[in-house]
Amino acid sequence: MKFKRGYYDVFLRTCAKSPSSIAVRHYENGVYRSYTYSELYGVCEYISQNLQQIKCNKGIIGLISKRNIIIPSVIAAAHKCCTTFMFLDPTQDIESVANDMKFRVVIYITNKEKALKSEFFNKKPDKTVTIFNLFVYFYNFEHLNSAICIPEYSFIAMTSGSTGEPKHIQVPVQCIQPNVDDLTKLFNITSNDVIYFSTPLTFDPSMIEILIACLNGASLLIAPEKAEILFPENRENSVTFWQLTPSRFFQYSNADIRNKILSPTSTLKILALGGEPLNGVKRLKELKDANNKTRIYTLYGVTEMSCWACVAELDLSRMLSDKEIPLGNCLSETELHVEPNVDNKESGKIVLISKTRKCIILNKSNGNEEESSLKFIDTGDLAEVKNGNVYYRGRKDDIIKRFGHKINLQYIESSVMQCPRVKTSSCIWLPKPSLLVVYFSSETLSSQELSDFLKCKLDDKHWPDKIIRADNLPTNPHGKMSKLLLSKMYEETVNMPLTLDSLRVSFLKELQIIMSKVNLTYEEIKDKDFFSIGGTSFLAVSMCNKLSLSCPKLGNLILPYLVSQKTTIDDILQLVHKETCDSEIKVKKKIKRTYSDAHSCTQSQSYKRSNTESSTNLIEFILLWTSDTGKCVDASPLLFQIGFNLYAIVGSHSGKIVVVDAISGILQGTLIVNSRIEASVFCYHKKEMSPCAVVGAHDGTVLCFALETCNEIWRINIGSMIKSKATCCNDLFYIASYDGRIRCIDVMTGEIKETIHIADQGISANLVLAKNKYVLLGTLSGVCASIHTITNTVAWCGTLGSPVFASPILYDDDKYVVFAEVNGDIHCRTVEKGIKIWKYQGSKGNIFSSLYVKEVDKLKWQMVFGCHDSNVYSINIKNFQPSLHWKTQLTSPVYSTPCGLSDKLILAASNDGKICVIDGETGMILADYQLPGETFSSPAVYGDYIFIGCRNDHLYSLKYVLNL
């Protein structure tokens, strides 16, 4: 279908035919607003009048804007005024592009809330109008620039630069119109369709979305890229056509794709993936419901022949891997040829040919036009011809030489995507250090697990030197995977080889800071272990966390050695140096086994954050009372009810244990030991005896006292530091210590009945009793174990990869126990036999927080925990499969254990003393309260009362009020 006045004729015809049809749907703050074609036609005429008033009838219009409701009207007005237009992203270097293109007019569209400053290019706007809730600024450059002579009825797109230097491409309407006609028929687009307007305006496929909608009287939807918004319960505004890059699509979680986008009830008719290779057939097969009706297509094309050249519908039932995705059938007025290689006739470069779909490459250097060839466009892409089908095989740039062999990076990426649980991947070659690096994103898969998988799939010449997991891989402004950004990311996050001297200097410098001993020398400490020079497990963790920022290889490797108390400082640094040197040697040599890099990408993103200023009235905190304990309160308070009395009990670094009436804040009594207390108090109550409590201290003291009178019952010393909370079974207290042993102590007398050796290193995590029969524990040597309380022997024992500071947690009626190790891995085992059930590796930092567990449905649990990366994570366990539910960034690392505040709310505290109320479903922060000091204490909740310790020496009682 031909149009004399370009896009304006398409727009005019639809407005006349369907004036009351919805042209644009706009979602904002939970509300949909609809704009008809009739309304947008009025906007078009209004804008064209303003353009005519400033005598804009030739040249180029620069449109600086994000996607908004009047974009269809603005580009129609541009064509009505016989001009071409070019979209500019407000974040890019506008002045540079404007000088190159010699714009006749610039239109800047922005929200009222973000109104533009009056000055632009050192001049005020010639016109300013307000349309709906938008400011539209007109800048006339007729007297400042000698405009390039451009034929009318076209638009200018700029290539992203992902496959070479960015170019300005002029696209006449007759070049893109065959695409619009073909895709309308192929996708069966009607006026009832809701087309997600998601492509950045600077990327030419955005014109496909606009033109297909307008040609067919369909609706464009402008909304945030959230699955729950795009596919809501109310299907009226639910998306039916979605065109996007595979990289952007695969950034959605497995849960979003399975339960929303490709669910049995999804409204999505067409999912069109294009702009880059599709790596993800296996994931699509796994997540697309058998009853889902969505048809999935791949699109291939180049901006130089805007927009698409080929299309293929995917039959997932017949495909096993990404290598089987064909380029498909050519669209109208387009031919695709594969020019064969000399050594392989079935492979070669892709050439596109068209006599009519002719774009123009605008030469930026001299302002002249340079026409692309009438005969062909060399795409720079490679293909293979098999059984009459053409298959994409990467770009010429993807073929690199390594160890004398030709390596195809696309082949490695396709192999990575065959691994279960991989979301996205990209393989990059860094020629200067000669490194082959694979980046991948996954909710649960570790770098080591992927490495093991690839060793079974790839021959040795294709094995990557490093495998690095990231939350999401970076994309360029057009939504394509960016290998340039990945290369820069690698250079920034991975250090060059370290010398032994530099390791020693880094270690000593941090040690001097953390111990406040500026005169400390390396000679003084090199032959001592960390604890003998005044170190503690807490200082070890803090030191490693700081070192991991400045010297990742050192900070990430030394923690287990520091807390072992068996290795000298110099031996530790020698081991680190040897390991890093071995790693570098393996990079440079061709060998049959390589070690993967388990470092996670540092550029993690927080998923959901709300503006707490706008929601402070929803939840209000009231300070009820504080109780001074004499020194820092790192222990978590215990609540215990006796009759109508509720007590809050906690110990502090002063050695003082306070028992406070939880409601009034009146001190009931205190007890003193001669050492710091970090362990929480454990209370024990049987019918035949008064309630008592037991707690351990740093010097090995174990104190038992009566709760109601605060009188001491007995006191012993076991000779080893205690930091964990005790438990009780069969009238025996079970107490763990830093000598790796558990003592079984008679409740009544304090006599040690049994001593059970667990490990050579300390036990810091709380002990947990399951089924009134098993005591579960984790150690600083990475041992997880269960003690059978009838025989007081080890029922089973397992080895984890790093120390355990978090307490074990139980779920499903004590059938399963979960251990969180400090490196971020979370493991589930059966309570009775220690059988491995599942493993989660999606956290991006060290874990010291224990987990809060809540059953949400049959065979479905929510687990929430804090992390050193300053995030609170919520994971769902459904059918014994863990997946990320949400993660929310707080203002500092989170060592405190979150807890339930109500059925819908979760309470979490970060180290800087900020207590946050989080929506358990979405992860939104609804309110916060700032304590006057740091906090490592975990909150305890009773009704609407919150109790928590602070490092300003006080125990706090707060009340929260919901203002509904």
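Asks: When you look at the overall build of the chain in this model, what are you seeing that I'm missing?
Replies: Counting secondary structure elements, the chain contains 19 helices and 59 strands. Looking at the chain as a whole, 60% of its 964 residues qualify as buried. Across the chain, the fraction of contacts at a sequence separation of at least 24, relative to all contacts at a separation of at least 6, is 58%. Of the accessible surface of the chain, which amounts to about 39,400 Å², a share of 48% is contributed by carbon and sulfur atoms.

Asks: Explain the pattern of salt bridges to me, please; I cannot follow it from the model alone.
Replies: In a structure, side chains of opposite charge can pair up when their charged atoms sit close to one another. This model, assessed by the stated rule, comprises 27 salt bridges. As a salt-bridge pair, D378 and K349 come within 3.1 Å of each other at their nearest N and O atoms. Taken together, the residues D378 in strand β21 (residues 377-386) and K349 in strand β18 (residues 347-353) connect sequence positions 29 residues apart. Put simply, E832 and K771 hold a salt bridge, and the shortest N to O gap is 3.1 Å. Separated by 61 residues along the polypeptide, E832 in the loop between β47 (826-830) and β48 (836-840) and K771 in the loop between β41 (768-770) and β42 (774-778) bring together distant segments of the chain. Residue class for K771 comes out partly exposed when judged on its relative accessible area of 35%.

Asks: What should I look at first to understand the pairing of strand β44 (residues 793-799) in this one?
Replies: A regular strand carries its side chains on alternate faces of the sheet. Where strand β43 (residues 783-788) lies against β44, six bridges are found, and the strand directions are antiparallel. Its bridge partner lying in β44, I787 is registered against V794. Linking β43 to β44, which pair antiparallel, is a turn of four residues; within it N792 sits at a positive phi near 55°.

Asks: Just to check I follow, could you spell out helix α3 (residues 71-80) for this structure?
Replies: For the α-helix, the turn length of 3.6 residues means that residues three or four positions removed from each other point alike. The element α3 is extensively covered by neighbouring structure, given that nine of its ten residues are classed as buried. Turning to α3, its buried residues are I71, P72, S73, V74, I75, A76, A77, A78 and H79.

Asks: Quick question: what am I supposed to make of the packing of helix α2 (residues 37-53) against α3 here?
Replies: Helix-helix packing: each pair is described by the crossing angle between the helix axes and the interaxial distance. Across the interface, α2 lies against α3 with an axial gap of 8 Å and an inter-helix angle of 45°. By the angle class used here, α2 and α3 are oblique. When the axes of α2 and α3 are compared, the crossing they make is right-handed. Residues L40, V43, C44, E45, I47, S48 and L51 of α2 form the contact with α3, whose participating residues are P72, S73, V74, A76, A77, A78 and K80. Along the lines of polarity and charge, the residues of the contact of α2 with α3 split into ten nonpolar, two polar and two charged.

Asks: Before we go on, may I ask you to explain the environment of G943 in this structure?
Replies: With respect to the element layout, G943 can be found in the loop between β57 (940-942) and β58 (945-949). Classification of G943 as exposed rests on a relative accessible area of 55%. For the pair formed by G943 and K959, sequence separation is 16 residues and the distance between their alpha carbons is 9.1 Å. Setting aside residues no more than four positions away along its own chain, G943 makes contact with L901 and Y960.

Asks: Sorry, what's going on with the state of the cysteines here?
Replies: Disulfide: a covalent bond connecting the sulfur atoms of a pair of cysteines. Under the definition given, this model contains zero disulfides. Cysteine C214 is unpaired, with the sulfur of C15 as its nearest cysteine sulfur at 6.2 Å.

Asks: How do you make sense of the confidence of the model for the chain when you look at a structure like this?
Replies: Residues shown with low pLDDT carry predicted positions that ought not to be read at fine detail. Summing up the model confidence of the chain, the mean pLDDT is 85 and the portion of residues at 70 or higher is 89%. The low-confidence segment residues 364-374, where pLDDT is below 50, has 20 contacts with residues more than four positions distant or belonging to other chains. Throughout residues 584-616 the model reports pLDDT below 50, and contacts reaching past four residues in sequence, or to other chains, amount to 75 contacts.

Asks: What should I look at first to understand unusual backbone geometry in this one?
Replies: Most peptide bonds are trans, and most residues other than glycine sit at a negative phi. Going from S306 to C307, the amide bond is cis rather than trans, its omega being 5°. Of note, C307 is situated in the loop between β14 (295-300) and β15 (310-313). A positive phi is found at C710, a non-glycine position, where the angle reads about 60°. By the element assignment, C710 lies in the loop between β35 (701-706) and β36 (712-717). Given a relative accessible area of 9%, C710 falls into the buried group. Phi angles above zero are rare outside glycine, and N879 is one such case at about 50°. Relative to the helices and strands, N879 is located in the loop between β51 (871-878) and β52 (881-889). A relative accessible area of 46% places N879 in the partly exposed class.

Asks: Help me out: how do you make sense of the sheet that holds β41 in this one?
Replies: Strand pairing in a sheet relies on backbone hydrogen bonds, with the paired strands running either antiparallel or parallel. Pairing within the open sheet is antiparallel, and its four strands lie in the order β41-β42-β43-β44. The open sheet terminates on both sides in strands that have one partner only, identified here as β41 and β44. For this sheet, the mean angle separating the axes of adjacent strands, direction not counted, is 25°. Of the strand pairs in this sheet, β42 and β43 are connected by five bridges, and their pairing is antiparallel. Counted as the bridge partner of V775 is I787 from β43.

Asks: Even after reading the chapter, I still don't get the sheet that holds strand β40 (residues 752-757), so can you show me in this structure?
Replies: Spatially, the four strands line up as an open sheet ordered β37-β38-β39-β40, and their pairing is antiparallel. Both outer strands of the open sheet, β37 (727-729) and β40, are each paired with one neighbouring strand and no more. Mean inter-strand twist for the sheet, computed between neighbouring axes without regard to direction, equals 25°. Note: β37 against strand β38 (residues 732-736), three bridges, orientation antiparallel. Across the sheet, the residue bridging to C728 is F733, located in β38.

Asks: I would appreciate a short explanation of the pairing of strand β8 (residues 154-158) in the present structure.
Replies: Of all five residues that make up β8, four are buried, and the element is covered over most of its length. In this structure, strand β4 (residues 84-88) lies alongside β8, joined through two bridges in parallel fashion. Note that in β8 the partner of M86 across the bridge is I156. Across five bridges, the pairing between β8 and strand β9 (residues 168-172) is antiparallel. Bridging from a neighbouring strand, I156 pairs with Q170 of β9.

Asks: Just to check I follow, could you spell out the side chain of S441 for this structure?
Replies: By the secondary structure assignment, S441 is in strand β26 (residues 435-442). Judged by relative accessible area, which is 0%, S441 ranks as buried. A polar contact is formed between the side chain of S441 and the side chain of T424, at a distance of 2.6 Å.

Asks: Any chance you could explain the packing of aromatic side chains here in plain terms?
Replies: In this description, an aromatic ring pair is defined by two values, namely the gap between the centres and the angle between the planes. One pass over the structure, following the stated rule, counts 29 aromatic pairs. Ring geometry for Y7 and F11: centres 6.2 Å apart, planes at 40°, overall tilted. Here Y7 pairs with F11, and both are found in helix α1 (residues 7-17), just four residues apart, close to one helical turn. Accessibility assignment for this pair places Y7 and F11 in one class, buried. Here the aromatic rings of Y816 and F880 are separated by 5.4 Å at their centres, their planes lie at 65°, and the arrangement is edge-to-face.

Asks: Even after reading the chapter, I still don't get the environment of E228, so can you show me in this structure?
Replies: In this fold, E228 is placed in helix α7 (residues 227-230). Along the chain, E228 and D256 lie 28 residues apart, while their C-alpha atoms are 7.9 Å from each other.

The rules we used
Residues numbered from 1 in each chain as written. Predicted model: local features only at pLDDT ≥ 70, side-chain atom pairs only at ≥ 80, totals over all residues. Heavy atoms only, no water. Helix = DSSP H or I, 4+ residues; strand = E, 2+ residues; numbered from the N terminus. Buried < 20%, exposed > 50% of the residue type's maximum accessible area, 1.4 Å probe, protein only. Contact = heavy atoms within 4.5 Å. Areas by Shrake-Rupley, 256 points an atom, 1.4 Å probe, with all protein chains shown as cover. Salt bridge = Lys/Arg side-chain N within 4 Å of Asp/Glu carboxyl O. Pairing = 2+ DSSP bridges. Axes fitted to C-alpha atoms, helices over the stretch in contact; angles between N-to-C directions. Parallel < 35°, antiparallel > 145°, perpendicular 65-115°, else oblique. Left-handed = near helix turned anticlockwise from the far one by under 90°. Nonpolar A, V, L, I, M, F, W, Y, C, P; charged D, E, K, R; others polar. Disulfide = S-S within 2.5 Å. pLDDT = per-residue confidence, 0-100. Polar contact = N/O pair within 3.5 Å; in protein donor to acceptor, adjacent residues only side chain to side chain. Phe/Tyr/Trp six-rings, centres within 6.5 Å; stacked < 30°, edge-to-face > 60°.

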